[in-house]
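Listed here are the chains, written in short residue letters.
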Amino acid sequence: SIGKLFIAGIVPGLIMTISFMIFASIQTRHIREKAATWKERLDSTKTAIWGLLLPVVVIGGIYTGIFTPTEAAAIGVVFSFAISAFIYRNLNWVNFKEIIISTVKTNAMILFIIVGAMLLGYIMTILQIPQTITTFATEQDISPWIIFIMINVVLLILGMFLETISILVITLPILYPIIIALGFDPIWFAIIMVINMELALISPPVGLNLFVLKGIDRTNTIDEIVKGVIPYAIIMLLLMVLLSIFPEIATFMIEDVD
């Protein structure tokens, strides 16, 4: 269920966001600058409120059953377009064209990956590779948690060298039967895997977000950026441990979601 996947990520996402905020405030406590006035804070809030409403509309609509996750995607696009065009007024034909071209490129890349993954999946199905791996994993006289840890270590290593969508499309057909056979909740594992992939985006040598940060701030080297993201990577790892100990954090809201 896409709805359950969406809803299950809310609380872990909030925990991770708040943890990042707390660490950032501690890390920057030595910076002494004039605090913003309450009027400036209120004006900034008024400006940001429309963007903040987007996840409320999308997630709230899914959770209340007003629309399906697929419909929520379309509503999110229309809502974003309306905010940009009529409220923030920062959308014009020039950047709209750039948005369309970027979207087409991204979708084309994803579709080519999916085509390759489908061919790979077809070959693996014929050779019964997932079944063989699942049988091997479940027949070992070791704790399912050991296998779970090994899976996450492999995903972390893959994330250092591959793009996240490629990892998801290629590995999930193999990992999903294993997770089910070991008795783990697949929705819970999906949230763990998403956090793992977020970690992959800041893992050297090819973490995509490292190069994004480098493009934003050209005064810092990649080495400095990597050092800067290490604490946030540790926070993600600790969140994965927390979710492993208390899986209810991700699953307690999904009982009534289709």
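Further up the page is the structure itself.
Residues numbered from 1 in each chain as written. Predicted model: local features only at pLDDT ≥ 70, side-chain atom pairs only at ≥ 80, totals over all residues. Heavy atoms only, no water.

J.: Just checking my understanding: could you explain the side chain of T171 for this structure?
T.: By the secondary structure assignment, T171 is in helix 8 (residues 164-181). The buried category is assigned to T171, whose relative accessible area is 13%. From its side chain, T171 meets the backbone oxygen of I167 in a polar contact 2.5 Å long. Apart from the residues lying within four places of it in its own chain, the contact partners of T171 are L155, L158 and M193. (Helix = DSSP H or I, 4+ residues; strand = E, 2+ residues; numbered from the N terminus. Buried < 20%, exposed > 50% of the residue type's maximum accessible area, 1.4 Å probe, protein only. Polar contact = N/O pair within 3.5 Å; in protein donor to acceptor, adjacent residues only side chain to side chain. Contact = heavy atoms within 4.5 Å.)

J.: Mind showing me how you'd approach the layout of surface pockets here?
T.: Empty space among the atoms becomes visible once a probe the size of a water molecule is rolled across them. Its volume calculated, the largest pocket comes out at about 360 Å³. In terms of lining residues, the largest pocket is bounded by 13 residues, among which L5, L172, P186, A190 and V194 are the most central. Per element, the largest residue contribution to the lining of the largest pocket is seven residues, and it comes from helix 9 (residues 186-200). Grouping the constituent residues of the lining of the largest pocket by class yields twelve nonpolar, one polar and no charged. (1 Å grid on protein atoms, 1.4 Å probe; cavity = no way out; pocket = protein on both sides within 12 Å on 5 of 7 lines; lining within 4 Å. Points joined across faces, edges and corners; volume = space filled by probe spheres on them. Nonpolar A, V, L, I, M, F, W, Y, C, P; charged D, E, K, R; others polar.)

J.: What am I meant to see in the packing of aromatic side chains here?
T.: The geometry of an aromatic ring pair is captured by the separation of the ring centres together with the interplanar angle, meaning the angle of the planes. Going through the model one piece at a time under the given rule, you end up with eleven aromatic pairs. Residues F148 and F184 carry aromatic rings whose centres are separated by 5.6 Å and whose planes lie at 45° to one another, so their mutual orientation is tilted. Linking F148 in helix 7 (residues 144-159) with F184 in the loop between helix 8 and helix 9, this pair joins segments that are 36 residues apart in sequence. Judged by relative accessible area, F184 falls into the buried class, the value being 10%. Seen in terms of ring centroids, F148 and W188 are 5.1 Å apart; in terms of plane orientation they differ by 25°. Their pairing is stacked. (Phe/Tyr/Trp six-rings, centres within 6.5 Å; stacked < 30°, edge-to-face > 60°.)

J.: Is there a simple way to explain the packing of helix 8 against helix 9 in this structure?
T.: Helix packing geometry: the angle between the two helix axes and the distance between the axes. With their axes 11 Å apart at the nearest point, helix 8 and helix 9 run at an angle of 150° to one another. Classified by the angle between their axes, helix 8 and helix 9 sit roughly antiparallel to one another. With respect to the hand of their crossing, helix 8 and helix 9 are arranged in right-handed fashion. On helix 9, the residues that touch T164, I167, L168, T171, L172, L175, Y176, I179 and I180 of helix 8 are P186, F189, M193, M197 and A200. (Axes fitted to C-alpha atoms, helices over the stretch in contact; angles between N-to-C directions. Parallel < 35°, antiparallel > 145°, perpendicular 65-115°, else oblique. Left-handed = near helix turned anticlockwise from the far one by under 90°.)

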